[in-house]
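Examining the three-dimensional arrangement
Read off the chains here:
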Amino acid sequence: MKLKVCGLSNPIEVQTCVDNGVNFCGFILNYSKSHRYISYSKAKELLNVKKNKSQYVGVLVRPRLEELEIFSKLNLDYFQLYGQYDSRSLIDIKNKFQKKIIMTVQVKNKNDIEAYKEVEDGSDIILWDGTGYEKSIGWDHSWIKDIKIK
């Protein structure tokens, strides 16, 4: 199992994650409605913390191409994307911006799980997530136990 801590917003949080071997440190970059949103300048500051073995993830909600261009200049290992994509578009983003992709599949019901098939080939990691950006919504995690993906 791998651990991702998301919504980091100050250096002590990032340092604590790195010091404790958190696999992925997430930063909310373009969704200002989130109380965990950080500005570009704040992201630059936080991403200067020496990451050791941790990976840095820019969490982006339906980013425009211009935003991907701007955020690609940050010291990020991954873009975690929310929105409508297919594998081809994810591969294009990976190639253009040289970032790995965590594709978020939002889950409200069991049928939503199947959406991973649209993005599987273009994603480095698939993250099944509740449907709320500002508020977590639970779902039955047993729905994914039998899925066989890379």
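Structure: see above.
A short tour of the structure in this document, coming up. (Residues numbered from 1 in each chain as written. Predicted model: local features only at pLDDT ≥ 70, side-chain atom pairs only at ≥ 80, totals over all residues. Heavy atoms only, no water.)

Let us now look at the packing of aromatic side chains. For the structure on display, the rule yields 5 aromatic pairs. Here Phe24 and Tyr78 contribute two aromatic rings whose centre-to-centre distance is 5.5 Å and whose plane-to-plane angle is 80 degrees, an arrangement assigned as edge-to-face. On the criterion of sequence distance, the pair formed by Phe24 in strand S2 (residues 24-28) and Tyr78 in strand S4 (residues 78-82) is long-range, its members being 54 residues apart. Here the two residues Phe24 and Tyr78 agree in accessibility, since each one is buried. (Phe/Tyr/Trp six-rings, centres within 6.5 Å; stacked < 30°, edge-to-face > 60°. Helix = DSSP H or I, 4+ residues; strand = E, 2+ residues; numbered from the N terminus. Buried < 20%, exposed > 50% of the residue type's maximum accessible area, 1.4 Å probe, protein only.)

Let us now look at the pairing of S4. Of all 5 residues making up S4, 5 are buried, and the element is well covered by its neighbours. Relative to S4, strand S3 (residues 55-61) runs parallel, the two sharing 5 bridges. Its bridge partner being in S4, Val61 is matched across the sheet by Tyr82. Bridge count for S4 against strand S5 (residues 100-106) is 4 bridges, and the pairing is parallel. The partner of Leu81 across the bridge, within S5, is Met103. (Pairing = 2+ DSSP bridges.)

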